[in-house]
Structure formats: structure tokens, C-alpha cells
Amino acid sequence: MRATCILLCFFTFLVASSAHPGKKKQYKPCKELVLYFHDIIYNGQNAANATSAIVAAPEGANLTILASQFHFGNIAVFDDPITLDNNLHSPPVGRAQGMYIYDTKNTFTAWLGFSFALNSTDHHGSINFIGADPIMIKTRDISVVGGTGDFFMHRGIATIATDAFEGEVYFRLRVDIKFYECW
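The rules behind the values
- All chains use their own residue numbering, which begins from 1 and follows the written sequence.
- Local features in this predicted model are restricted to residues of pLDDT 70 or higher, and side-chain atom pairs are both shown and tallied only at a pLDDT of 80 or more, whereas totals for entire chains, interfaces and linings draw on every residue.
- Computation of side-chain values covers all heavy atoms of the structure but excludes hydrogens and water.
- To count toward a patch, a residue needs a relative accessible area above 30% and no salt bridge. Like charges then connect within 9 Å, nonpolar side chains (Val, Leu, Ile, Met, Phe, Trp, Tyr) within 5 Å.
- Per-residue and other accessible areas were derived by the Shrake-Rupley procedure at a 1.4 Å probe size, with only the shown protein chains allowed to occlude residues.
- Definition used for salt bridges: Asp or Glu carboxyl oxygen within 4 Å of a side-chain nitrogen of Lys or Arg.
- A run of H or I in DSSP becomes a helix once it reaches four residues, and a run of E becomes a strand once it reaches two; helices and strands are each numbered from the N terminus.
- Think of it in three bands: with a 1.4 Å probe and only protein chains considered, a residue is buried below 20% of the maximum accessible area for its type, exposed above 50%, and partly exposed in between.

1. Remarks on a nonpolar patch on the surface
- Taken together, the side chains of Tyr27, Ile157 and Tyr180 present a nonpolar region at the surface, about 320 Å² in accessible area.
- Relative to the assigned elements, Tyr180 resides in strand S9 (residues 170-181).
- We classify Tyr180 as partly exposed; its relative accessible area is 39%.

2. Some remarks on the pattern of salt bridges
- This model, assessed by the stated rule, comprises six salt bridges.
- Between Lys178 and Glu32 there is a salt bridge, with the nearest N and O atoms lying 3.9 Å from each other. With a gap of 146 residues between them, Lys178 in strand S9 and Glu32 in strand S1 (residues 31-40) connect regions that are remote in the sequence.
- Residue class for Lys178 comes out partly exposed when judged on its relative accessible area of 23%.
- Here Asp79 ties to Arg95 by a salt bridge, and the two come within 3.1 Å at their closest N and O atoms. Remark: Arg95 occurs in strand S4 (residues 94-102) and Asp79 occurs in strand S3 (residues 75-83); sequence separation between them is 16 residues.

Structure (C-alpha cells):
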């Protein structure tokens, strides 16, 4: 009898203390930021304006033209301006620096590894990003894995969207950053 009572009390405790089915805990970001970065890939004729360049390509490919089959095998490095709005000519608040690797043969997908180096009146420091970028999806998430300065050890998610593109020479990404760990 005593064992049954203890078991019943324990079961009641578990039921009363468990989360309600179907309800997920909603986390709120501790800091949010929306920035744009502008990538102008070197095409052999725009050296004065280019902010990125193909540094590796499939055998026999041209380093000024992206490979034809979904750009598979191309690796580009970039040092792009970051702005607060979608205007390439707005004053930059920092630089996006890193690389993208086109890593899929049957669709446009890239792997990104880059940092935002911010140096403005509002923000100083870096934010580090890494992850897959399935380019054909309207919005996609990549991980924010750390930072320095105002973003020391921050982590979260960056939702990126291709805001504009002009052929294979220019694209602009809108980056909506939500930090869930702020130090």
C-alpha cells in the first residue's frame, strides 16, 4: 500500500511538473541587428570595383568566370562592404570577410565561412558565421558562432536572404542577426 501511494505521488508530481504538450519554450534574442553586404566578383574587367575573387575552380576552368554546372568546385574569397541599408553607396559600417565554396553538383548551394568586422560609431568588433547556404531558398539560416568586441562570445542565428543580384557579378545579402547568447 505504501509503495502504491509513493508511486502515485511520484506520478502526480511528474504530470504536474511536465510542460504542456504542444507548447515549446520561446526564446527571445538578447540582441538583434540587420545588415547588408555587397559582393562584386572579379570578372576580368572590373578590378577597380571587385570585392571578391575566384581563387579555386574545377580543372581547366577560368578564374574570372564561375563554373557552368551550378558553379560546383568554385571557391571565392571576399572583402565586401557592409551597410545598414541596401544601397551599395551608403557609408560602410564594416567589412564582410571570408569565403564561399560552391559544393553541390545539382543545385546552387554554397558553404559559407566569414566574419563581419564592424567599426562604426554604434558597433565595434567581429561576428563570426559558418554554415550551408542553399541559395535557391528565399531565406536560410546560418550559425553565428562567436564574436569579439561588442559581440564577445555572442552566439545565435543569422537569417540571410538574397536581396538583389545582377547576373554572376553582383549580389547583395540581407543578414538578420539574432543573438541568443550575449556576454
